[in-house]
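# Examination of the molecular architecture
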Amino acid sequence: MLRALRTLLAFAVIGLLVTAASAADKIRVVATIPDLKALTEEVGGKLVDVESLARGTQNAHELEIRPSLMLKLRRADLLMENGLELDSWAEVAVQGANNPNIVRGAPGRVDVSHGIQVLEVPSTRVDRSMGDVHPLGNPHYSLDPGMAPIITQNIADALARFASEHRAEFEKNRQAFLARLNEAMARWTRAMEPLRGAKVVVYHPQWIYLLSRFGLSQAAALEDRPGIPASPAHLTRVIRQMKDEQIKVIIVEPWNDLKLATRVADEAGAKAVVLASMVGGVKGADSYIAAIDHNVNALAQALR
Ligand SMILES: [Zn+2]
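Analysis parameters
Residues numbered from 1 in each chain as written. Predicted model: local features only at pLDDT ≥ 70, side-chain atom pairs only at ≥ 80, totals over all residues. Heavy atoms only, no water. Pairing = 2+ DSSP bridges. Helix = DSSP H or I, 4+ residues; strand = E, 2+ residues; numbered from the N terminus. Axes fitted to C-alpha atoms, helices over the stretch in contact; angles between N-to-C directions. Parallel < 35°, antiparallel > 145°, perpendicular 65-115°, else oblique. Left-handed = near helix turned anticlockwise from the far one by under 90°. Contact = heavy atoms within 4.5 Å. Donors = N, O, S within 2.8 Å, 3.2 Å for Na, K, Ca; no water. Tetrahedral: all angles 85-135°; square planar, octahedral: opposite > 155°, others 65-115°. Nonpolar A, V, L, I, M, F, W, Y, C, P; charged D, E, K, R; others polar. Buried < 20%, exposed > 50% of the residue type's maximum accessible area, 1.4 Å probe, protein only. Right-handed = clockwise from strand over helix to strand, strands pointing away. Arc of directions from axis to C-beta.

The four strands lie next to each other as 2-1-3-4, forming an open sheet whose pairing is parallel. Looking at which strands have only one partner, the edges of the open sheet turn out to be strand 2 (48–52) and strand 4 (109–111). On average, each strand axis in the sheet is tilted by 25° relative to the strand beside it, whichever way the strands run. Sheet topology note: the strand 1 (residues 27–31)/strand 2 ladder contains five bridges and is parallel. Residue I27 lies in a different strand from strand 2, and its bridge partner there is V48.

Listed below in structure tokens is the structure:
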């Protein structure tokens, strides 16, 4: 009996050691937002250990930099950034983390927006003092599943630069993910096809990539400008426009004021629909494909 217990204990200890060793062997990646965490996990598979600085329900434009975020960055091999100034707060956290792997210009600092065709680039210089949070164009490209091939290519390249011996595995994981995404894309395209041309109002102008992908258009935003709260006069205009153009849906982000959006929707005879503005933003949206699934289904249902 005692011997059996001893053997059992020995196995348990070995098990712990193996787990600790494999965790230590993994490439430590920090992503600024959950979408990039989810996509890095798809590409990196068992070879990566990924953490996200922002949570899915937060406003990714404004993250409070706490010591816990710096701690996450301290031992990171790679930092995946969204870029286009969505997550420029990451710089403050990096400066507090004292980790040369991920300082600006180091090979471990990865801007995932490389190669993305940016929408809503301002035609005039945007004065940041006015509080506009999209000065370089719309940074919310990861909401469009059609961008995932570019994003995952950037991620695969960065992982392969860090661990070139695993290049083939990263590419194999990426292709397997893209195959699943393609299947889902066919389903999403079918669901959205009858709604082509439909107009929606958004709370924060975050959805243009997703809407454009499926032929929908953004008629107005509740925010006066990106990141600037709605003024009563602006809301009155939006309500009138929604009635005139018979717009049936307001898209709301989990971090925005649902009460306000619902009040506007009620006045305009429309519905306020909460979509996952990032992976984990709503219940069930716990992978990249699941988040897009939720958004497409909720949007199609509300517009039907
Ligand atoms: Zn934004």
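Contact pair helix 5 (residues 148–162) / helix 6 (residues 167–192): the axes reach a minimum separation of 9 Å and the direction vectors enclose 165°. As far as their axial angle goes, helix 6 and helix 5 are roughly antiparallel. For the pair helix 5 and helix 6, the sense of crossing is right-handed. Contacts from A148, P149, T152, Q153, A156, L159 and A160 of helix 5 reach helix 6 at R167, F170, E171, R174, F177, L178 and L181.

Ideal coordination angles are 109.5 degrees for a metal with four donors arranged tetrahedrally and 90 or 180 degrees for a metal with six donors arranged octahedrally. Around the zinc ion, the donor atoms from the protein are H61 (NE2), H134 (NE2), H140 (NE2) and H204 (NE2), and they sit 2.0 Å away. Each of the four donor atoms around the zinc ion contributes to a set of angles spanning 108 to 112°, which defines the coordination as tetrahedral.

A few words now on the packing of helix 3 (residues 67–74) against helix 4 (residues 90–97). The geometry of helix 3 relative to helix 4 is characterised by a closest axis approach of 8 Å and an angle of 65° between their N-to-C directions. With respect to their mutual orientation, helix 3 and helix 4 come out roughly perpendicular. Helix-helix and strand crossings are classified by hand; for helix 3 and helix 4 the assignment is right-handed. Contact residues: helix 3 offers M70, L73 and R74, while helix 4 offers V92, A93, V94, G96 and A97. Grouping the constituent residues of the contact of helix 3 with helix 4 by class yields six nonpolar, one polar and one charged.

Before going further, it helps to spend a moment on the pairing of strand 3 (residues 78–81). As a general feature of sheets, a regular strand has side chains that alternate between the two faces. Alternating positions in strand 3 separate into two faces, L78 and M80 on one and L79 and E81 on the other, with burial throughout. Relative to strand 3, strand 1 is paired through three bridges, and the arrangement is parallel. Directly across from V30, in strand 3, lies its bridge partner L79. Bridging between strand 3 and strand 4 involves three bridges; their strand directions are parallel. Residue pairing in the sheet places L79 in a bridge with R109 of strand 4. On the question of chirality, the crossover connecting strand 3 to the parallel strand 4 by way of helix 4 is right-handed.

Tracing the chain through its elements places S277 in the loop between strand 8 (271–274) and helix 10 (288–303). In this structure S277 touches G56, L143, Q206, W207, E253, P254 and W255, once residues within four positions along its chain are discounted.

Given 3.6 residues per turn, any residue in an α-helix points the same way as the ones three and four places further on. Inspection of helix 4 places A90, A93, V94 and A97 among the buried residues, and these make up the whole buried set. Buried positions in helix 4, seen along its axis, are confined to an arc of 100° and lie on one side of it. Close packing links the buried residues of helix 4 with helix 3, strand 3 and strand 4. Just downstream of helix 4 lies N98, where phi reads positive at about 55°.

A separate point is the side chain of R174. Following the sequence through the fold, R174 ends up in helix 6. A relative accessible area of 7% means that R174 is categorised as buried.

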